[in-house]
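# Structural description and commentary
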Amino acid sequence: MIKVLIADDQAMVREGFGALLAAQPDMLVVGDAADGAAAVTQARELRPDVVLMDVRMPVMDGLEATRRLQDGPKVLILTTFDLDDYVYAALRAGASGFLLKDAPAADLINAVRVVAAGEALLAPSVTRRLIAEFAARPVADRPKPAALNALTPRETDVLRLIARGRSNQEIADDLVVAEQTVKTHIGRILAKLNLRDRAQAVVFAYETGLVTPG
């Protein structure tokens, strides 16, 4: 059962999303919050698997709330449009994915399942913006950390492909290996680099200059 907490300052959004998710046989809505501070408090008390987090909320915004929950539940950011200025900062803060508020119901349900399973949910438009963010930076600002030395050549290849937005199956096809082998590599990459999920792996790859936009 996937336990979900909904954080949004609009009651209608909380109620609508709550009713939709509660109707799913594999989900349980454990609570809701109208601001970021309440979301942090409830997340620590209720221990949900996934927090649906609005960005613009009173008292504490969703970005700061996400940062404070880095060692807790997966965070799925709710945004009103996909070119939100918070995209890059939210990924840095530990968000596992993004979802547009006007997305179809099926997309919301799928997003919660994907993030709960430990995958990242990055829409192509979000990934493009992320790449553009790094493209605008001087290369000198991206020193390679020693952590990269811990990766094997094959793990480095896998990380590059993750950063390019490839799925596990696409990576398997590119490297001519089984999909399960790719999953094993990804698990080791995340463990060695102390990263939560693919979203943070993408940020890491660009920040360190392992992958460059273009």
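Coordinates for the structure precede this section.
Looking now at the sheet that holds strand 3 (residues 50–54). The strand order across the open sheet built from five strands is 2-1-3-4-5, with neighbouring strands paired in parallel fashion. Single-partner strands in this sheet number two, and they are strand 2 (27–33) and strand 5 (97–100). In this sheet, neighbouring strand axes are inclined to one another by 25° on average, regardless of whether the strands run parallel or antiparallel. Summarising the sheet, strand 3 and strand 4 (residues 74–79) pair through five bridges and their orientation is parallel. Bridging from a neighbouring strand, Val50 pairs with Lys74 of strand 4. In this fold helix 1 (residues 11–22) packs onto strand 1 (2–7), strand 2, strand 3 and strand 4, with an angle of close to 165° to the strand it touches most, strand 2.

What follows deals with helix 2 (residues 36–46). Inspection of helix 2 places Gly36, Ala39, Val40 and Ala43 among the buried residues, and these make up the whole buried set. Along the axis of helix 2, the buried residues cluster in a sector spanning 100°; they form a single face. Those residues of helix 2 that are buried lie in contact with strand 1, strand 2, strand 3 and helix 3 (62–68). At the N-terminal boundary of helix 2, the capping side chain belongs to Asp35, with an oxygen 3.0 Å from the backbone nitrogen of Ala37.

Right, let's get into the side chain of Thr66. Residue placement: Thr66 occurs in helix 3. Of note is the side chain of Thr66, whose polar atom sits 2.7 Å from the backbone oxygen of Gly62. Once residues lying within four places of it in the same chain are set aside, the contact partners of Thr66 are Met53, Val75, Ile77, Ala90, Ala93, Gly94 and Ala95.

Time to look at the pattern of salt bridges. Counted according to the given criterion, the structure contains eight salt bridges. Its salt-bridge partner being Arg113, residue Asp26 comes within 2.8 Å of it at the nearest N-O pair. Of this pair, Asp26 sits in the loop between helix 1 and strand 2 while Arg113 sits in helix 5 (residues 105–116), and the two are 87 residues apart along the sequence. Salt-bridge contacts for Glu64 lead to Arg67; the nearest nitrogen and oxygen are separated by 2.6 Å. Note that Glu64 and Arg67 are positioned in helix 3 at a spacing of three residues, about one turn of the helix. A residue is classified by how much of its surface remains accessible, and Glu64, at 24% relative accessible area, is partly exposed. Judged by relative accessible area, which is 37%, Arg67 ranks as partly exposed.

Across six bridges, strand 1 lies against strand 2 in parallel orientation. Bridge pairing in strand 2 places Ile2 opposite Met27. In terms of handedness, the path from strand 1 via helix 1 over to strand 2 forms a crossover that is right-handed.

This part takes up the pairing of strand 4. Taking burial as the measure, the six residues of strand 4 include five buried ones, the bulk of the element. As for the winding sense of the linkage, the β-α-β connection from strand 3 through helix 3 to strand 4 is right-handed.

Reading the values: the criteria
- Residues numbered from 1 in each chain as written.
- Predicted model: local features only at pLDDT ≥ 70, side-chain atom pairs only at ≥ 80, totals over all residues.
- Heavy atoms only, no water.
- Pairing = 2+ DSSP bridges.
- Helix = DSSP H or I, 4+ residues; strand = E, 2+ residues; numbered from the N terminus.
- Axes fitted to C-alpha atoms, helices over the stretch in contact; angles between N-to-C directions.
- Contact = heavy atoms within 4.5 Å.
- Buried < 20%, exposed > 50% of the residue type's maximum accessible area, 1.4 Å probe, protein only.
- Arc of directions from axis to C-beta.
- Polar contact = N/O pair within 3.5 Å; in protein donor to acceptor, adjacent residues only side chain to side chain.
- Salt bridge = Lys/Arg side-chain N within 4 Å of Asp/Glu carboxyl O.
- Right-handed = clockwise from strand over helix to strand, strands pointing away.

Note that every value here comes from positions in space, so none of it alone points to a role or purpose.
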